[in-house]
Amino acid sequence: MDADAPIVHIVKSPEEKPKSFFEIAIKKVLLHEGGFADDHIDNGEVTNRGISLRWLRSAGIDIDNDGDVDYEDVKNLTLQQAKKLYYDKWWKPQKYEKLDDVELATKMFDMSINMGTKQAIKIVQTALNEVHLREVVKVDGVFGLRTVMMLNKVSDGPNLPVLMGLIRRGQADFYKRLIKRNPALKKFANGWAVRAAS
């Protein structure tokens, strides 16, 4: 077997697809997000497995059920709790399993966690229009029926690698703009470059 050959994941039934696609995608997200971090430059404050204290507070999620959302909630966040939050709050609302290609679903999911769902979808929509050399979807940050349909059309043809390359470029450009606006974020540049290229 060719070592460079892509791994093909076979989904046996439509009911299995949401969880099987998610299980593939969450591995990449957790790899990118890492473990516990307390970085004053990170706007999310203290984070664990990519889940920030700021986000937990905004969502009103008390992990340890002690009546407040604080440092301890983030510090003690388990892998299973993190996976459940990612599934319930990021994956499930967008239903990324509507996409036929697991690599594309994973990329969109990973980007949405890192930069926000609307921004991630805008980057993908822009790339989709670039593949077609015209506007085939509105760049509105909404993962609607037309966007899904056009993404699946591309993923079933020879232009999927082109689309993925354009998405990666759009993601990298987004990070460059962030760093230009706030040079203190330069410390994240290498990690963001790896994330964009994956």
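Residues numbered from 1 in each chain as written. Predicted model: local features only at pLDDT ≥ 70, side-chain atom pairs only at ≥ 80, totals over all residues. Heavy atoms only, no water.

Engineer: Is there a simple way to think about the confidence of the model for the protein in this case?
Structural biologist: Low-pLDDT stretches of the model should not have their predicted coordinates read in fine detail. Considering every residue of the protein, the mean pLDDT works out to 89; 88% of them sit at 70 or more. Overall, residues 1-14 carries pLDDT values under 50, and its contacts beyond four positions in sequence, including any with other chains, amount to five contacts. (pLDDT = per-residue confidence, 0-100. Contact = heavy atoms within 4.5 Å.)

Engineer: Can you walk me through a positive patch on the surface in this structure?
Structural biologist: Taken together, the side chains of Lys-19, Lys-92, Lys-95 and Lys-98 define a basic patch exposed on the protein surface. Using a relative accessible area of 44% as the deciding quantity, one classes Lys-19 as partly exposed. (Patch = residues over 30% accessible without salt bridge, like charges linked within 9 Å, V, L, I, M, F, W, Y side chains within 5 Å. Areas by Shrake-Rupley, 256 points an atom, 1.4 Å probe, with all protein chains shown as cover. Salt bridge = Lys/Arg side-chain N within 4 Å of Asp/Glu carboxyl O. Lys, Arg positive; Asp, Glu negative; His and termini not counted. Charge placed at Lys NZ, Arg CZ, Asp CG, Glu CD. Buried < 20%, exposed > 50% of the residue type's maximum accessible area, 1.4 Å probe, protein only.)

Engineer: Where do I start with the nonpolar core in this structure?
Structural biologist: A general trend in soluble globular proteins is that nonpolar side chains are found buried together. In terms of nonpolar packing, the biggest core is built from 57 residues, with Tyr-86, Phe-109 and Leu-163 touching the most fellow members. Of all the elements in the fold, those that place two or more residues in this core are helix H1 (17-33), helix H2 (53-59), helix H4 (79-94), helix H5 (102-115), helix H6 (117-132), helix H7 (145-155), helix H8 (160-181) and helix H9 (189-197). The contacts of Phe-109, once residues within four sequence positions are left out, are Phe-22, Ala-25, Ile-26, Val-29, Tyr-86, Trp-90, Trp-91 and Tyr-96. (Core = buried A, V, L, I, M, F, W, Y, C linked by side-chain atoms within 4.5 Å. Helix = DSSP H or I, 4+ residues; strand = E, 2+ residues; numbered from the N terminus.)

Engineer: Would you mind going over the packing of H8 against H9 with me for this structure?
Structural biologist: Relative placement of two packed helices is described by the angle separating their axes and the distance separating the axes. Taken N-terminus to C-terminus, the directions of H8 and H9 make an angle of 160°; their axes are 8 Å apart at the nearest point. Put simply, H8 runs roughly antiparallel to H9. In terms of crossing hand, the pair formed by H8 and H9 is right-handed. Two secondary-structure elements touch here, H8 through Arg-168, Gln-171, Ala-172, Tyr-175, Leu-178 and Ile-179 and H9 through Ala-189, Trp-192, Arg-195, Ala-196 and Ala-197. Classifying every residue of the contact of H8 with H9 gives eight nonpolar, one polar and two charged. (Axes fitted to C-alpha atoms, helices over the stretch in contact; angles between N-to-C directions. Parallel < 35°, antiparallel > 145°, perpendicular 65-115°, else oblique. Left-handed = near helix turned anticlockwise from the far one by under 90°. Nonpolar A, V, L, I, M, F, W, Y, C, P; charged D, E, K, R; others polar.)

Engineer: Can you help me understand the packing of H6 against H8 in this one?
Structural biologist: Two numbers describe how H6 lies on H8: the axes approach to 9 Å, and their chain directions differ by 135°. With respect to H8, the axis of H6 lies oblique. Considering how the two elements wind past one another, H6 and H8 form a crossing that is right-handed. For the pair H6 and H8, contact is made by Gln-119, Ile-123, Val-124, Ala-127, Leu-128, Glu-130 and Val-131 and by Val-162, Leu-163, Leu-166, Ile-167, Arg-169, Gly-170, Gln-171 and Phe-174, respectively. In the contact of H6 with H8, the residues fall into 10 nonpolar, three polar and two charged.

Engineer: Explain the environment of Val-137 to me, please; I cannot follow it from the model alone.
Structural biologist: Its location among the elements puts Val-137 in the loop between H6 and H7. Sequence separation between Val-137 and Gln-125 is 12 residues; the distance between their C-alpha atoms is 6.5 Å. Those residues within four positions of Val-137 in sequence are excluded, and the remaining contacts are Gln-125, Leu-128, Asn-129, Arg-146, Thr-147 and Met-150.

Engineer: Quick question: what am I supposed to make of the pattern of salt bridges here?
Structural biologist: Two side chains bearing opposite charge may form a pair once their charged atoms approach each other closely. Across all of its chains, the model carries seven salt bridges by this definition. Between Lys-83 and Glu-23 there is a salt bridge, and its shortest N-O distance comes to 3.2 Å. With Lys-83 in helix H4 and Glu-23 in helix H1, this residue pair connects regions lying 60 residues apart in the sequence. Residue classification places Lys-83 among the buried residues on the basis of a relative accessible area of 17%. Among the ionic pairs, Glu-45 bridges to Arg-57, the shortest N-O distance being 3.4 Å. Here Arg-57 lies in helix H2 and Glu-45 lies in the loop between H1 and strand S1 (47-48), a separation of 12 residues in the sequence. Owing to a relative accessible area of 34%, Glu-45 belongs among the partly exposed residues under this scheme.

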